[in-house]
Amino acid sequence: MGLGIDGDYRTRHNAAIRHCLTLLLLLLPCLAHAWNAAGHRLVAGIAWQQLSPPVQALIANTLRQHPDHERWQTRAKSSEPAAIFAEAAIWPDEIRNDPRFYDEARETPKPPVPGLPDHARHLNWHYMDVDRSGRVVSGQLERRLNELSLLLVANTETPRLAWALPWISHLVADIHQPLHVGHADDDGGTEFAIEDPFNPRLPFSSLHRYWDDLPGPPWLRGKRLDEAIARLLAEHTAPALGSVRQWREESHRLLATVVYPETTGTLLPIISQPFHQRAQKVSGRRLVDAGFRLCWLLERSLAPRVSRETQ
Ligand SMILES: [Zn+2]
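These figures come from a predicted structure and were not determined experimentally.

A. Structural context of the overall build of the chain. On a plain count of helices and strands, the chain comes out with 12 helices and 4 strands. A buried classification covers 49% of the 311 residues belonging to the chain. Residue pairs at least 24 apart in sequence account for 72% of intrachain contacts in the chain once pairs closer than 6 positions are excluded. Summed over its atoms, the accessible surface of the chain is roughly 15300 Å², and 57% of this surface lies on carbon and sulfur atoms.

B. Spotlight on the coordination of the zinc ion. In the first shell of the zinc ion, the protein supplies His 126 (ND1), His 170 (NE2) and Asp 174 (OD), at 2.0 to 2.2 Å from the metal. Look at where the donors of the zinc ion fall in the sequence and you get H-x43-H-x3-D. Here the residue His 126 occupies a position in the loop between α6 (91–94) and β1 (129–130), and Asp 174 occupies one in helix α8 (residues 158–175), the gap between them amounting to 48 residues. With respect to burial, His 126 and Asp 174 carry one shared label: buried.

C. Expanded view of the packing of aromatic side chains. Enumeration according to the criterion identifies 8 aromatic pairs in this entry. Here the aromatic rings of Trp 91 and Phe 101 are separated by 5.6 Å at their centres, their planes lie at 80 degrees, and the arrangement is edge-to-face. Residue Trp 91 is located in helix α6, and its partner Phe 101 is located in the loop between α6 and β1; the two are separated by 10 residues in the primary sequence. For the pair Tyr 210 and Phe 275, a centre-to-centre distance of 6.0 Å together with 35 degrees between the ring planes defines the contact as tilted. Residue Tyr 210 is found in helix α9 (residues 207–213), and its partner Phe 275 is found in helix α12 (residues 273–309); the two are separated by 65 residues along the sequence. On the basis of relative accessible area, Phe 275 is assigned to the buried category, the value being 6%.

D. Here's a closer look at the nonpolar core. Formed by 60 residues in total, the largest nonpolar core has its most connected members in Ile 59, Phe 85, Leu 152, Trp 163, Leu 298 and Leu 302. Taken together, the elements giving at least two residues each to this core come down to α2 (37–50), α3 (53–64), α5 (81–88), α7 (141–153), α8, α10 (222–235), α11 (244–259) and α12. Setting aside chain neighbours within four positions, we find Ile 59 in contact with Trp 48, Leu 51, Phe 85, Leu 165, Leu 298 and Leu 302. With 15 residues, the next largest nonpolar core counts Phe 192, Ile 194, Ile 271 and Val 282 among its residues.

E. The arrangement of unusual backbone geometry in detail. Unusually for a residue other than glycine, His 122 sits at a positive phi of about 50 degrees. Among the secondary structure elements, His 122 is positioned in the loop between α6 and β1. Even without a glycine there, the phi angle at Asp 187 is positive, about 55 degrees. Tracing the backbone shows Asp 187 in the loop between α8 and β3 (193–195). A relative accessible area of 35% places Asp 187 in the partly exposed class.

F. Quick peek at the packing of α3 against α12. Close contact between α3 and α12 brings their axes to 9 Å; oriented N to C, the two are set at 85 degrees. For the element pair α3 / α12, the angle class is roughly perpendicular. Contacts between α3 and α12 involve Pro 54, Val 55, Leu 58 and Ile 59 from the former and Leu 298, Glu 299, Leu 302, Arg 305, Val 306 and Glu 309 from the latter. Considered class by class, the residues forming the contact of α3 with α12 number 7 nonpolar, no polar and 3 charged.

G. Local environment of the packing of α7 against α8. Where α7 contacts α8, the two axes come as close as 9 Å, and the packing angle between them is 140 degrees. It follows that α7 is oblique to α8 by the angle criterion. Crossing of α7 against α8: the hand is left-handed. Counting all contacts with α7, which are made through Leu 141, Glu 142, Arg 144, Leu 145, Leu 148, Ser 149, Leu 151 and Leu 152, the residues of α8 involved are Arg 160, Leu 161, Trp 163, Ala 164, Leu 165, Trp 167, Ile 168, Leu 171, Val 172, Asp 174 and Ile 175. For the contact of α7 with α8, a count of residues per class yields 14 nonpolar, 1 polar and 4 charged.

H. Inspection of the pattern of salt bridges at higher detail. Counted by the stated rule, this structure contains 23 salt bridges. A salt bridge links Arg 75 to Glu 94; the shortest N-O distance between them is 2.8 Å. Linking Arg 75 in helix α4 (residues 69–76) with Glu 94 in helix α6, this pair joins segments that are 19 residues apart in sequence. In this structure, the salt-bridge partner of Arg 132 is Asp 185, at a minimum N-O distance of 2.9 Å. Note that Arg 132 is positioned in the loop between β1 and β2 (136–138) and Asp 185 in the loop between α8 and β3, a separation of 53 residues in sequence. On the basis of relative accessibility, which here comes to 59%, the residue Arg 132 falls in the exposed class. Residues joined in a network through salt bridges with shared partners are Glu 250, Arg 285, Arg 286, Asp 289 and Arg 293.

Reading guide: rules and limits
- Residues numbered from 1 in each chain as written.
- Predicted model: local features only at pLDDT ≥ 70, side-chain atom pairs only at ≥ 80, totals over all residues.
- Heavy atoms only, no water.
- Helix = DSSP H or I, 4+ residues; strand = E, 2+ residues; numbered from the N terminus.
- Buried < 20%, exposed > 50% of the residue type's maximum accessible area, 1.4 Å probe, protein only.
- Contact = heavy atoms within 4.5 Å.
- Areas by Shrake-Rupley, 256 points an atom, 1.4 Å probe, with all protein chains shown as cover.
- Donors = N, O, S within 2.8 Å, 3.2 Å for Na, K, Ca; no water.
- Phe/Tyr/Trp six-rings, centres within 6.5 Å; stacked < 30°, edge-to-face > 60°.
- Core = buried A, V, L, I, M, F, W, Y, C linked by side-chain atoms within 4.5 Å.
- Axes fitted to C-alpha atoms, helices over the stretch in contact; angles between N-to-C directions.
- Parallel < 35°, antiparallel > 145°, perpendicular 65-115°, else oblique.
- Nonpolar A, V, L, I, M, F, W, Y, C, P; charged D, E, K, R; others polar.
- Left-handed = near helix turned anticlockwise from the far one by under 90°.
- Salt bridge = Lys/Arg side-chain N within 4 Å of Asp/Glu carboxyl O.

As structure tokens, then:
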């Protein structure tokens, strides 16, 4: 009996502490919404390596027309088209904090940004949350990715293409992050508190943030980025191409198997060594999948344009 009361007390005590930690998580600045910058550069870098030279040239010329091209050059400390393409893939995250852009769900439109056909932040394009019966509750990731792909195929004028390319690169990566097709009841893992002994700088975090940060440090660029790409390509083979819908379904299926750590018996779910190793492997696999598929999507969509422009 005594043990029962003690156990019961401990369970309630642990639940209360877990609740407090979850509340604390909600008060942290919302920095984590996507694979971090390293993840997006890795996906873009893998895609770039596989692209044909004419499509690379078309992308490089188009991105030169983007009003933020110079910023990307400054950040990359390079004018290499591959480095610019990698920085451009992070742009949909950067505009979250850029005062020239506006959140269309909460704000009235701001004055247009010269050279851009659209300057809304589109925060709900980065994810989709699904309820336990499989119904999409919020987010527009799959729909917008499909629309943007169609836009590439159409005879789109250069400014719109320059706006769409960073979005496509970014969203193909996002749809491969399992928690971007997450459960609505924990807000895609952002409300799922964890303890992460492998990250001394952030030992308490959310599961979503943990997965976002698996690809590496956000400053990963240059030679280290190239080395990381080579390591990933040595470890993982090219994926089946599939469709946007299949990429989304793959991500969602991973939630049931490898994405969530064990929750029983501890105060907070703790990231264990075996869990961490497996998560790193799955994260690498998803980045390679996204890189190859981004290349495929760009080749398929832009090849007709290349042949039109070289005629
Ligand atoms: Zn994103």
